[in-house]
Amino acid sequence: MTSEDHGHSQHDDLVGGPFAVIESDPGVFTSLTRKLGVRNIELVEMYDIEPWATDHLNPHGLIFCFLWRKDVHRPADFNDPAAERVWFANQLSDDACASHAILNVLLNCPEIDVGDDLRSFRTDTEKMSPVMKGLAITNSPLLRRVHNSLARPADIRGALNVIALTTLDEAKTKAKAKTIPATPSTKRGTKPPPSKRARTTATGTKFSPSKSQPKAKTKPATEDEEEAYHFIGYVPAYGKVWELDGFKSGPLEVGELPLPASSVPPSSSSTRNAWMDVVRPALRMKMEKYGGAPEGGDNIRFSLLAIVDGVYERVSDALQLLKREKVALGRRMGEGWDSKVDPELLVASQHAFSAASGDKTYAVDFGSQFMDTSLRIQNMPEDDLVPAWEACVRNAVRTNVEVEDELSKATTANTDHIKRTFDYEPFLKAFVGRLQVEGLLNPLMGREEDGSKIKGLTGVTKAKR
């Protein structure tokens, strides 16, 4: 738990609060997983779903963000016995779909180390229904604080404002209902039968269920309707690929996974990529249905994030292994070995491991990898020692650059996070207030001292002023 989390009082934990909107950004989602304690993964943005763009990623799961519109499915679509084994939670809180999507995917990936907090949460909620799991997410102080720590302060205030307005509207509705006198009940049989009674659609148009009645056309979205974006997840689990949408009653099967060959381990990259061939047609349909602008323009209204193995952890471990390999090769060559190697590489070796952070490693099998490397060096012929050392340094120079790139990327993401979550409103209020006190606000706005518009002041004159 971060110091930011400790800043909240116990009263806040007991009362709870809303979930605010967070951006569909890979840096935001990666920060979300790391704050929740998930290790050795990151989220990257995918710009295409063809094999050439996905095979090298080996994704564990996908997060799809799109402009939400109601999607209708038959109840039979959710009657899959295998779905009962999938961890799935319904979304019960507004604007919590990002956390719901990432949890629905991560908690169905046994190969990912989700950390102690989420591991305990998965165990505690495993036997719950999807609705109760969603309620557990809503009532979790940890999940709510981590989620809101990545939101803009304006969005957090907006979420609180929505709760206040909803509560006031509900109170007004109840008060209004009490003031309206109850109408006397009609006699039995005076109403038309249910099959003959006119119904009202969501748009307010009355229609009769007569067979001769033409089907009503879908009313296009108006400009004043608020756009809402929604996150859903895709993950392979229990022999099938699932679509996990918190607004639906359960996991929706996308397709069955092909049976792997007996010689291929389940965790291999080829097995992990096989599920992308299953989900690719479903993603194409989703993008065609929800991705474009209503007028059929070029506006893309979706984004796709992939959950992949952490690049920094992988390249950092590779650099640490090369660092140990260089020491072992120098020890094996004996005294005076530095006179046998390439002088340029000898100079480069002094800076080839500058990005290595101490002796920290991440892979659980790093010790086994180092042991195999040590045995290989011990059994290596003497004539191969110098070429092996030079190859080690060349690889270290290249790997060191990769580690520095990842560190630079993390610095940029942290800078963006600080800019995103910093509250600029107090400064802006104080700045505008000071302008008013100094008598500079009205002239800047092209107004007289009393606030009225300056007569005959054109846009060009305002700009020059």
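The structure we're discussing is the one just above.
Residues numbered from 1 in each chain as written. Predicted model: local features only at pLDDT ≥ 70, side-chain atom pairs only at ≥ 80, totals over all residues. Heavy atoms only, no water.

Caption draft 1: A look at the overall build of the protein. Helices and strands together make up the secondary structure of the protein, namely 17 helices and eight strands. The buried share among the 465 residues of the protein stands at 36%. When the accessible surface of the protein is summed, it comes to about 29,000 Å², and 56% of that surface belongs to carbon and sulfur atoms. (Helix = DSSP H or I, 4+ residues; strand = E, 2+ residues; numbered from the N terminus. Buried < 20%, exposed > 50% of the residue type's maximum accessible area, 1.4 Å probe, protein only. Areas by Shrake-Rupley, 256 points an atom, 1.4 Å probe, with all protein chains shown as cover.)

Caption draft 2: Representation of the packing of aromatic side chains within the structure. Counting across every chain of the model gives eight aromatic pairs. With centroids separated by 5.5 Å and ring planes inclined at 20°, the aromatic side chains of Phe64 and Phe66 adopt a geometry described as stacked. There is no split in this pair, since Phe64 and Phe66 are both buried. Relative accessible area serves as the criterion here: at 0%, Phe64 is assigned to the buried category. Through successive ring pairs, a cluster of aromatic residues spans Phe64, Phe66 and Phe302. Lying across the ring of Phe66, Lys286 places its NZ or CZ 5.8 Å from the centre. (Phe/Tyr/Trp six-rings, centres within 6.5 Å; stacked < 30°, edge-to-face > 60°. Lys NZ or Arg CZ within 6 Å of the ring centre and 35° of its normal.)

Caption draft 3: Molecular detail of the sheet that holds strand β8 (residues 302-309). Reading across from one edge, β1-β8-β2-β5-β6-β7 is the order of the six strands in this open sheet, with antiparallel pairing throughout. The sheet terminates laterally at β1 (41-45) and β7 (252-256), the two strands that pair on one side only. Adjacent strand axes in the sheet meet at a mean angle of 20° when their direction is disregarded. Relative to β8, β1 runs antiparallel, the two sharing five bridges. By the bridge assignment for β8, Leu43 is matched with Ile307. Set on the sheet, helix α5 (residues 97-106) makes contact with β1, β2 (61-67), β5 (229-237), β6 (240-244) and β8; between it and β5 the angle comes to about 0°. (Pairing = 2+ DSSP bridges. Axes fitted to C-alpha atoms, helices over the stretch in contact; angles between N-to-C directions. Contact = heavy atoms within 4.5 Å.)

Caption draft 4: View of unusual backbone geometry. Of note in the backbone geometry, Asn58 takes a positive phi value of approximately 50° without being a glycine. With respect to the helices, strands and loops of the structure, Asn58 is situated in the loop between α4 (51-54) and β2. With a phi angle near 65°, Asp95 is a residue other than glycine that sits in the positive phi range. If you trace the backbone, Asp95 turns up in the loop between β2 and α5.

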